[in-house]
Amino acid sequence: MTTSPILSVRALEKRYGTFIGCTDVSFDLWPGEVLAIVGESGSGKTTLLNCISGRLDRSSGQVLYRMRDGRFPDLDDLSEAERRFLMRTDWGFVHQNPADGLRMRVSAGANVGERLMAVGERHYGEIRHTATEWLSRVEIAAERIDDQPVAFSGGMRQRLQIARNLVTRPRLIFMDEPTGGLDVSVQARVLDLLRSLVSELDLAVIIVTHDLAVARLLSQRMIVMKSGRVVESGLTDRVLDDPRHPYTQLLVASIPES
Amino acid sequence: MTFHQPTGSMPQSALLSASGVAKSFTMHLRGGIRLPVVEDVGFALHPGECLVLGGPSGVGKSSILRMVYGNYAIDGGQILVRNRRTGELDDLGGGDPRLILDLRRDSIGYVSQFLRAVPRVSALDIVAEPLISRGTDPDEARERATALLDRLHLPSALFGLPPATFSGGEKQRVNIARGFITDHPVLLLDEPTASLDAANRDVVIALIKEKLQAGTGVLGIFHDQPVRDAVVTRTIDVSSFSARKKIEAVTEPSSERHGSSQQTSASLQEEQFRGPQR
């Protein structure tokens, strides 16, 4: 077992005036581990994800992150430059809607290459070579490299967004309903791709989803949220096979058998 | 639960031990009724031993396997598993997710009744995956997976296909191969031969015997009498742990109502807890 977590969240809270977005959330995440945050719409799971990833200011609590040099600072204590470095290279963020994570009017190759340029890669041939390689890893034909994402199907756009995020070899990926907007047939392909890339690259992942089957397939651990609070957490198998909290029992009982 | 020390009464060699284990389900969607399953479960499993969980349907045999694998939380008592790497007994029953994942990777394996197929992943890769995740070279892992699937008479034309469209027996053979390919010191088997023909049943018997000879401890449920007779070292009667029987005997004095109430409990449990296990 790796001994030190890559991320520690302590007593995290987000309030909008008196309304609670999320409160009293604490957990650790280790390298190579996939943590699923589940709950229905409005349960606070996306708010939590955005607070952790620095896309939203938190009201109180701590978010500690293991830097590549071994330091473990609170993200709020980082300089603007360090934070930008994390966002551009060390982290990825896969949005539900690929249009939120892609530049829709530049080519697929440039979408992938842009993140490489942000980490200092300047050689055009190298960038194009790496971009082609990543397109093939996400099963996009090399001849589509100069096409814009607007010409891609939903599933292809999502796979392109994944390639764009992974090209810089990040250590932590945030995912917000990555298969939420896709047809079921397309979902399986994206899920399979995520599953194999996550284990191949030994990524730490926090994935927000309302789909328990997706959580079962991708995650080892799970947090169940309701009204901004964690109501249950543990091993994914355990939470789904032996749900303890009334709300988790309701979620599990609501899945149709197949 | 904060048990960290092995109990004094347990022999040093045990691979797995349970003591005083109790399990019930509280069903909040049914007015919070509490459904007791087992109580005071105690046994130890030693190397090279095949311990069979016996007793009628619904008495809690599968529940015990799921507790021992960490899929079900326990209400009380202790479940210890010997960690293959450290040689220490670890407190699996305590429910720490990372400890359970660690024990599952190296120390305790499980062949469930049903294969949980992953879309688009081939039968061969499903079988090879436990080896690859433990660091075996992928080509070597696939070679060993091929050999095992051959031995279980799975047509080689199926190796590259995802098992979603396979027959029940074909899926089960993929599942068995996945469970038997590694050398976990403890192996849990939940009716591994339920949908197999005689020839493949014999292969599974041979595989189990090889495991036992190599020192693996097997804890299993076998409804198939010839299989059970061929592999069993010792049988535990799970009805002696059944919590349901006792409770109902108290609350339902009439024998006629006793029977129907038992059925209701069992079907409630299935509806609630078997649903998500696809």
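For clarity, every value in this text was computed on a predicted model and none was experimentally measured.

For the rest of this paragraph, the subject is the overall build of chain A. Within chain A one finds 10 helices and nine strands. For chain A, the C-alpha atoms occupy an extent of roughly 55 × 50 × 40 Å along the three principal directions. In chain A, which comprises 258 residues, the proportion classed as buried is 46%. For chain A, the share of sequence-separated contacts (at least 6 apart) that also reach a separation of at least 24 residues comes to 65%.

Here we take up the overall build of chain B. When helices and strands are counted, chain B shows nine helices and nine strands. In chain B, buried positions account for 40% of the 278 residues. A separation of at least 24 residues holds for 70% of the contacts in chain B among residues at least 6 apart in sequence.

This paragraph deals with the sheet that holds strand β1 (residues 7-16) of chain A. Residue and element names in this part refer to chain A. Read across the sheet, three strands follow the order β2-β1-β4 without closing on themselves; strand pairing throughout is antiparallel. Both outer strands of the open sheet, β2 (19-29) and β4 (60-65), are each paired with one neighbouring strand and no more. Direction aside, neighbouring strands of the sheet carry axes that sit 15° apart on average. Examined bridge by bridge, β1 and β4 share five bridges and lie antiparallel to one another. Within the sheet, the bridge partner assigned to Leu 7 lies in β4 and is Tyr 65.

Glancing now at unusual backbone geometry. One non-glycine residue, A:Ser227, adopts positive backbone phi at about 45°. Secondary-structure assignment places A:Ser227 in the loop between β8 (221-226) and β9 (229-235). For A:Ser227, a count of 14 C-beta atoms within 10 Å gives the class partly exposed. We note that B:Asp40 has phi near 55°; this positive angle belongs to a residue other than glycine. When you line up the elements, B:Asp40 lands in strand β2 (residues 33-45).

The next point concerns the pairing of β1(A). All names here are of chain A. Across seven bridges, the pairing between β1 and β2 is antiparallel. Looking at β2, one finds that Ser 8 is bridged to Asp 28. Connecting the antiparallel pair β1 and β2 is a turn made up of two residues, with Gly 17 showing a positive phi of about 65°.

As a further point, take helix α5 (residues 168-180) of chain B. Residue and element names in this part refer to chain B. Across its 13 residues, α5 extends 18 Å between first and last C-alpha, which sits within 8% of the 18 Å expected from 1.5 Å per residue. Burial within α5 is extensive, with 11 of its 13 residues counted as buried. For α5, the complete set of buried residues consists of Glu 170, Lys 171, Gln 172, Arg 173, Val 174, Asn 175, Ile 176, Ala 177, Arg 178, Gly 179 and Phe 180. In this structure, the buried residues of α5 make contact with β6 (108-111), α3 (123-133), α4 (138-151), β7 (186-190) and α6 (198-213).

Further remarks concern the interface of chain A and chain B. Contacts between chain A and chain B engage 24 residues on the former and 23 residues on the latter. Of all elements in the fold, only α7 (184-201), β9, α9 (236-241) and α10 (246-253) of chain A reach the threshold of two or more residues within the side of chain A that touches chain B. The dominant element in the side of chain A that touches chain B, judged by the number of residues it contributes, is α10(A), at five residues. For the side of chain A that touches chain B, the per-class residue count stands at 11 nonpolar, four polar and nine charged.

Quick look at the packing of helix α6 (residues 154-166) of chain A against α7(A) now. Residue and element names in this part refer to chain A. At their nearest, the axes of α6 and α7 sit 9 Å apart, and the two run at 15° to each other. Of the possible angle classes, the one that applies to α6 and α7 is roughly parallel. Taken as a pair, α6 and α7 cross one another with a handedness that is right-handed. Contact residues: α6 offers Gly 154, Gly 155, Gln 158, Arg 159, Ile 162 and Leu 166, while α7 offers Val 186, Arg 189, Val 190, Leu 193, Leu 194, Leu 197 and Leu 201.

This part is about the sheet that holds β2(B). Residues and elements named next belong to chain B. As summarised here, the arrangement of the four strands in space is β2-β1-β4-β5, forming an open sheet in which the pairing is antiparallel. Each having just a single partner strand, β2 and β5 (89-91) make up the two edges of the open sheet. Neighbour-to-neighbour, the strand axes of the sheet open up by a mean angle of 30°, direction not taken into account. Across the sheet, helix α1 (residues 61-69) is in contact with β1 (16-27), β2 and β4 (76-82); its angle to β1 comes to roughly 110°.

We now examine the nonpolar core. Across soluble globular proteins, nonpolar side chains show a tendency to be buried alongside one another. A:Ile37, A:Val205, B:Val68, B:Val127 and B:Ala177 are the most contacted members of the largest nonpolar core, which totals 134 residues. Looking at this core element by element, the count peaks at six residues for α3(B). No fewer than three residues from each of domain 1 (17-90 + 170-258) and domain 2 (102-169) of chain A sit in this core. With near-sequence residues (within four places) excluded, B:Ala177 lies in contact with B:Val127, B:Ala145, B:Leu148, B:Leu149 and B:Leu152.

This paragraph deals with the domain arrangement of chain A. Residues and elements named next belong to chain A. Partitioning chain A into structural domains gives domain 1 (17-90 + 170-258) and domain 2 (102-169). Taking the mean C-alpha position of each, domain 1 and domain 2 sit 25 Å from one another. With 14 residues of domain 1 at the interface, the matching set in domain 2 holds 13 residues. For the side of domain 1 that touches domain 2, the element with the most residues is α7, which contributes seven residues. Grouping the constituent residues of the side of domain 1 that touches domain 2 by class yields 10 nonpolar, two polar and two charged.

Okay, the packing of helix α4 (residues 108-118) of chain A against α6(A) next. All names here are of chain A. Remark: α4 packs on α6, axes separated minimally by 7 Å, with the N-to-C direction vectors making an angle of 25°. Judged by the inter-axis angle, α4 sits roughly parallel to α6. For the crossing formed where α4 meets α6, the hand is right-handed. On α6, the residues touching Ala 108, Asn 111, Val 112 and Arg 115 of α4 are Leu 160, Ala 163 and Arg 164. By residue class, the composition of the contact of α4 with α6 is four nonpolar, one polar and two charged.

On to the confidence of the model for chain B, then. Residues and elements named next belong to chain B. Across chain B, the average pLDDT comes to 86, with 83% of residues at 70 or higher. Here residues 1-10 scores under 50 on pLDDT; set against residues more than four positions off or in separate chains, the count is 11 contacts. Taken together, the stretch residues 249-278 has pLDDT below 50 and engages in 29 contacts with residues farther than four places along the chain or on a different chain. Scored as a complex, the prediction yields pTM 0.88 and ipTM 0.89.

About the thresholds
- Residues numbered from 1 in each chain as written.
- Chains lettered and ligands numbered in written order.
- Predicted model: local features only at pLDDT ≥ 70, side-chain atom pairs only at ≥ 80, totals over all residues.
- Helix = DSSP H or I, 4+ residues; strand = E, 2+ residues; numbered from the N terminus.
- Buried ≥ 20, exposed ≤ 12 C-beta atoms within 10 Å, placed from the backbone.
- Contact = placed C-beta atoms within 7 Å.
- Pairing = 2+ DSSP bridges.
- Axes fitted to C-alpha atoms, helices over the stretch in contact; angles between N-to-C directions.
- Expected span 1.5 Å × (residues − 1).
- Nonpolar A, V, L, I, M, F, W, Y, C, P; charged D, E, K, R; others polar.
- Parallel < 35°, antiparallel > 145°, perpendicular 65-115°, else oblique.
- Left-handed = near helix turned anticlockwise from the far one by under 90°.
- Core = buried A, V, L, I, M, F, W, Y, C linked by C-beta atoms within 7 Å.
- Domains from an automatic or database assignment.
- pLDDT = per-residue confidence, 0-100.

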